Amino acid sequence: DKGNHRHFMEKEIYEQPEVISHALSHYVDLADHTVRPADVAIDFKALRGLAISACGTAYLAGLVGKYWFERYARLPVEIDVASEFRYREMPLSVDQAALFISQSGETADTLASLRYCKDAGLKIGAIVNVKESTIAREADAVFPILAGPEIGVASTKAFTCQLAVMASLAVAAGKARGLISAEDEKDLVRHLAEMPRIMSKVLNLIQPQMESLSRELSRFKDVLYLGRGTSYPLALEGALKLKEISYIHAEGYAAGELKHGPIALIDENMPVIVIAPHDRFFDKTVSNMQEVAARGGKIIFITDEKGAASSKLETMATIVLPNVAEIIAPMVFSLPIQLLAYHTAVFMGTDVDQPRNLAKSVTVE
Ligand code: F6R
């Protein structure tokens, strides 16, 4: 049932504040602002490293997770798409744990990677939406994302719930490893707890602008997305979402890679979507934006109030989100990315919930 939405994808985008709140309450105490201890099957305290593997959007969630586990828990993370991971013959050791992320819990390559790590003797964690799935069954520790059924082929709420779960786990791991003080824990969890309300506000705030901007975006054949830090995986996710449902060719790049190649493509026919909250990397990303502007590139700037106030660059559009804490920025900044792809696809008349050639669950290699 789509309720009063045109597509499941739209419904699932708007469900996010509610399902994230539900997911969070499983991993953190929303009143006390403390994390619940991570599953005993994985002893984060003793770990020397984490190997993460997944496909598509779930892989991109894992890439955000890498930044968090390394930053908050000082856990070195190896991450790869499952189709490569399973054949890389990477050396693994039992003081690493392996984490697999899958909405369906049935993705063939992800399952094969899981079995590879299991054979190597690693403890296995699974971040899944479908709790009865094969991946969940074969894991030592299951971390449900509690997003509810996701019908739209393009993943939206599963992505942000995967992020919310991993943010909570990274904080729990940091705490277990003695790296996060009680005070920092309270701050981080308080930010997570505020997120559902902020997401609701943002969804209402940006909806009209996303609809009008998507009309403009639909005229282009190619789009480039740029971001740094945790906004880099978001740039990849933005490009993936746009191409899979609107069929517009899109690429995501780390902003710092611009001058190592993609800058050659910049002209007035290829808009550049820059994802840049006012974080530690902001000035660097703005200087990349300047390079785009100097070559006549059209910029769609997704930033926050501070970022908008401190950049004087002319843009095709600036999407201004509220200033939010760094740990919740990836979830909040996912919203304009999802809505932009959604409305562009609707405007172009594609089959949003069932894009051509794609399946919701990929059980073959
Ligand atoms: C993109 C998308 C796919 C899936 C990928 C993994 O919107 O939905 O890229 O993320 O096929 O699927 P799961 O998470 O079921 O393993």
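Here the residue index of a chain counts from 1 through its sequence in written order. Since the coordinates come from a predicted model, pLDDT governs what is reported: local features require at least 70, and pairs of side-chain atoms require 80 or more to be given and counted, while whole-chain, interface and lining totals use all residues. Side-chain calculation: all heavy atoms of the structure are included, whereas hydrogens and water are not.

Novice: What is the right way to look at the overall build of the protein chain in this model?
Specialist: In DSSP terms, a helix is any run of H or I states spanning at least four residues, a strand is any run of E spanning at least two, and both are numbered starting from the N terminus. Helices and strands together make up the secondary structure of the protein chain, namely 12 helices and 12 strands. Using C-alpha atoms as the atom set, the radius of gyration is obtained and then compared with a globule rule of 2.2 Å times the number of residues to the power 0.38. In terms of overall dimensions, the protein chain is globule-like: its C-alpha atoms have a radius of gyration of 20 Å, near the 21 Å expected for 365 residues. Dimensions of the protein chain along its principal axes, counting C-alpha atoms only, are 55 × 45 × 45 Å. Seen as two clouds, the 38 positive and the 46 negative side-chain charges of the protein chain have centres 2 Å apart. Counted as positive: Lys and Arg. Counted as negative: Asp and Glu. His and the chain ends are not counted at all. Note that the charge is assigned to NZ on lysines, CZ on arginines, CG on aspartates and CD on glutamates.

Novice: Can you walk me through the pattern of salt bridges in this structure?
Specialist: A side chain with one charge can pair with a side chain of the opposite charge if their charged atoms come near. Between Lys or Arg on one side and Asp or Glu on the other, a salt bridge is scored when a side-chain nitrogen of the former is within 4 Å of a carboxyl oxygen of the latter. Across all of its chains, the model carries 19 salt bridges by this definition. In this structure, the salt-bridge partner of D109 is R86, at a minimum N-O distance of 2.6 Å. Within this pair, whereas D109 is found in helix α5 (residues 108–119), its partner R86 is found in the loop between α4 (82–85) and β5 (96–102), the two being separated by 23 residues in sequence. The partner of E150 in a salt bridge is K360, and the shortest N-O contact between them spans 2.6 Å. Of this pair, E150 sits in the loop between β7 (141–144) and α7 (157–176) while K360 sits in the segment after α12 (329–348); the two residues are 210 residues apart in sequence, bridging distant segments of the chain. To sort residues, take the accessible area from a 1.4 Å probe on protein chains only and compare it with the maximum for the residue type: under 20% means buried, over 50% means exposed, and anything in between is partly exposed. The class of K360 is partly exposed, set by a relative accessible area of 27%. Residues participating in the shared-partner salt-bridge network are K11, E15 and K157.

Novice: Please clarify how the site of the ligand should be interpreted in this entry.
Specialist: Neighbouring the ligand are 13 residues, the closest being S102, Q103, S104, T107 and E244. Nitrogen and oxygen atoms within 3.5 Å of one another constitute a polar contact, given that in protein one can donate a hydrogen and the other can accept it, and given that sequence-neighbouring residues count only through two side-chain atoms. Note that an oxygen atom of the ligand is positioned 2.7 Å from one of the side-chain N or O atoms of S104. Shrake-Rupley sampling with a 1.4 Å probe provides the accessible areas, and residues are treated as covered by the protein chains on show and by no other component. For the ligand, whose free accessible area comes to 410 Å², the fraction covered by protein is 89%. Contributing elements (two or more residues each) for the shell around the ligand: α3 (56–73) and α9 (231–246). Residues are grouped as follows: nonpolar covers Ala, Val, Leu, Ile, Met, Phe, Trp, Tyr, Cys and Pro; charged covers Asp, Glu, Lys and Arg; every other residue, Gly included, is treated as polar. Each residue belonging to the shell around the ligand can be placed in one class, and the counts come to four nonpolar, seven polar and two charged. The cutoff for a nearby residue is simple: one of its non-hydrogen atoms must lie within 4 Å of the molecule or strand.

Novice: Could you clarify how one ought to interpret helix α8 (residues 182–217) in this entry?
Specialist: For an α-helix the count is 3.6 residues per turn, leaving residues at separations of three or four pointing the same way. Over its 36 residues, α8 extends only 46 Å from the first C-alpha to the last, a length that falls short of the 52 Å expected when each residue adds 1.5 Å. Axes are fitted to the seven residues ending at a residue and to the seven starting at it; the angle between these axes is taken as the bend at that residue. In the structure, α8 departs most strongly from a straight axis at I206, where the bend amounts to approximately 45° and where the proline P208 lies between one and four residues downstream. Each residue after the first adds 1.5 Å to the expected span of a helix.

Novice: Would you mind going over unusual backbone geometry with me for this structure?
Specialist: Backbone phi values are negative for most residues with the exception of glycine, while trans is the configuration of most peptide bonds. With phi around 55°, E89 is a residue other than glycine that occupies positive phi space. Tracing the backbone through its elements, the reader meets E89 in the loop between α4 and β5. The phi dihedral of L146 is positive, around 55°, even though this residue is not glycine. The exposure class assigned to L146 is buried, which follows from its relative accessible area of 16%.

Novice: I keep staring at the environment of R74 and nothing clicks. Help me out?
Specialist: Residue position: R74 is located in the loop between α3 and β4 (77–81). Once the C-alpha coordinates of R74 and A170 are considered, the two residues, 96 residues apart in sequence, prove to be 9.4 Å apart.

Novice: How should I be thinking about the packing of α3 against α7 in this particular structure?
Specialist: Two quantities define a packed helix pair, namely the angle between the axes and the distance from one axis to the other. Packing of α3 against α7 brings their axes to within 9 Å, and their N-to-C directions diverge by 20°. Judged by the inter-axis angle, α3 sits roughly parallel to α7. Considering only the axes of α3 and α7, their crossing is right-handed. Within the contact between the two elements, α3 uses T57, A58, L60, A61, G62, V64, G65, W68, F69, Y72 and A73 and α7 uses F159, Q162, L163, M166, A167, L169, A170, A173 and G174. Under this scheme, a helix contributes an axis fitted over its contacting stretch, all axes are lines through C-alpha atoms, and angles between N-to-C directions fall in the 0 to 180 degree range. Angles are sorted into four bins: roughly parallel if under 35 degrees, roughly antiparallel if over 145, roughly perpendicular if 65 to 115, and oblique for all others. By convention, the crossing between two helices is left-handed when the near helix turns anticlockwise from the far helix through less than a right angle, and right-handed when the turn is clockwise. Every residue pair with non-hydrogen atoms within 4.5 Å of one another is taken to be in contact.

Novice: Could you clarify how one ought to interpret the confidence of the model for the protein chain in this entry?
Specialist: For any part of a model where pLDDT is low, the fine detail of the predicted coordinates should not be relied upon. A score between 0 and 100, pLDDT records how confident the predictor is in each residue. Across the protein chain, pLDDT averages 96, with 100% of residues at or above 70. Our summary of model confidence lists the complex with pTM equal to 0.98 and ipTM equal to 0.99.

Novice: Honestly, the pairing of strand β3 (residues 49–54) in this entry has me stumped. Any pointers?
Specialist: For a regular strand, the rule is simple: side chains alternate between the two faces of the sheet. Within β3, six of the six residues are buried, leaving the element largely enclosed by the surrounding structure. Going residue by residue along β3, you find G49, A51 and S53 tucked away on one face and L50, I52 and A54 tucked away on the opposite face as well. Here, a strand pair is defined by DSSP locating no fewer than two bridges between the strands. As defined by bridge partners, β3 adjoins β5 across six bridges and the pair is classed as parallel. Within the sheet, the bridge partner assigned to A51 lies in β5 and is A98.

Novice: For this particular structure, what's the right way to read the side chain of T285?
Specialist: Within the secondary structure layout, T285 lies in helix α10 (residues 282–294). Beyond its immediate chain neighbours, meaning those up to four positions away, T285 contacts R228, A255, V274 and A276.

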